[in-house]
Amino acid sequence: MEIELNHFLIVSLLLFVIGFFGVLARRNLLIILMSIELMLNAVNLSFVSFSQFYNLLSAQVAAFFVMTISAAEAGVGLALIVLISRRWTQMDLFVLEDSKYTDPV
Amino acid sequence: MDFLFILFSALALYGAVITVTHKDMVICALHLAGSMLALAGLFFILGAHFIAGVQVLVYAGAVMVLFIMVVMLFDLKRKKETLFSKGLWMKLASLFFLSGLIVGIFPFSLHLFPPRSMETIQKTSTKDLSSLLFIDYVLAFEVLGILLLLIAVGVAVLCRQRPFLQTPSEKE
């Protein structure tokens, strides 16, 4: 069996779906953020494989930009998680929709 | 090359599955780092050496340090959430629909992109990539620099102590 473009795309699809399942199924905010990082990385893998197989170098520039944006997003997301868990003393997603906790102080 | 591809993709998928399903956040973060490193290996066998190096530096270096630091800020002995603790039926339903997504996209993609072997990969150098990045896309690059500055300032502003963000014990 020879490795070709579709194999990379299949790995990318599987990684994306695993990350998507993590966003849907977990309630821990930190793990949801990790799953978002997984999905961004899966898209990056498909970008780079298209770039190499079709000789489109600008797709690698797009992958580079995606990496920068996702690092920035992780910074903001982690700051928000620190604030949320300091205010509500836990890292569960569903403290945010419980009206008992959300009254402004 | 086949062996390396199978090794790295299996490592990446294994790390991703453990990241999503494990209940301990430290183990999740470490498996995420392993998954990112395996993806860097995949970039390397694709021939994108610059992107592979940036992947190791940015994800396995910077982002992972951020995650581990945030995990360290909190009490780890608290009751941990497992994947099957609450809302099991909704999780099974989402798993069902996502597997449908895989089964739906998979044959479609085989028709959409005709097979290309690894021999069609032309050797791209970092020099070509840098000339593209610093000449054609230089405006986007500079805007990204401004965005990172804004992020740094915004996070510093967010994490300042403010009255409505204190814990109930701190207010008394």
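Just so you know, these numbers come straight off a predicted model, no measurement behind them.

**Student:** Kindly report on the environment of F113 of chain B, identifying the contributing residues and their values.
**Tutor:** Looking at the secondary structure, you find F113 of chain B in the loop between α4 (88-112) and α5 (126-136). In the structure, F113 of chain B is positioned 28 residues away from F141 of chain B in sequence and 31 Å away in space, judged by C-alpha atoms. The residues touching F113 of chain B, leaving out its near neighbours within four places in the chain, are L5, N6, L9, F50 and Y54 of chain A.

**Student:** I'd like a description of the interface of chain A and chain B, backed by residues and values.
**Tutor:** Taken together, the contacts link 69 residues of chain A with 86 residues of chain B. For the pair chain A and chain B, the two sides together bury roughly 7500 Å², of which 77% comes from carbon and sulfur. Counting the contacts that link chain A with chain B gives zero salt bridges. Of all the elements in the fold, those that place two or more residues in the side of chain A that touches chain B are α1 (5-25), α2 (29-53) and α3 (58-88) of chain A. In the side of chain A that touches chain B, the residues fall into 44 nonpolar, 18 polar and seven charged.

**Student:** Outline the side chain of S46 of chain A, listing residues and values.
**Tutor:** All names here are of chain A. Tracing the chain through its elements places S46 in helix α2. S46 sits in the buried class, given a relative accessible area of 15%. At a separation of 2.8 Å, a polar atom in the side chain of S46 contacts the main-chain carbonyl oxygen of V43. Dropping the residues within four chain positions of it, S46 is found in contact with L9 and S12.

**Student:** Before we move on, can you summarise α4 of chain B with the specific residues and values?
**Tutor:** For α4 of chain B, with 25 residues, the first-to-last C-alpha span of 36 Å sits near the 36 Å given by 1.5 Å per residue. Restricting attention to buried positions, one finds in α4 of chain B the residues K91, S94, L98 and S109 of chain B. Check the buried side of α4 of chain B and you find it contacts α1 of chain A.

About the thresholds
Residues numbered from 1 in each chain as written. Chains lettered and ligands numbered in written order. Predicted model: local features only at pLDDT ≥ 70, side-chain atom pairs only at ≥ 80, totals over all residues. Heavy atoms only, no water. Helix = DSSP H or I, 4+ residues; strand = E, 2+ residues; numbered from the N terminus. Contact = heavy atoms within 4.5 Å. Buried area = accessible area lost by both parts, 1.4 Å probe. Salt bridge = Lys/Arg side-chain N within 4 Å of Asp/Glu carboxyl O. Nonpolar A, V, L, I, M, F, W, Y, C, P; charged D, E, K, R; others polar. Buried < 20%, exposed > 50% of the residue type's maximum accessible area, 1.4 Å probe, protein only. Polar contact = N/O pair within 3.5 Å; in protein donor to acceptor, adjacent residues only side chain to side chain. Expected span 1.5 Å × (residues − 1).

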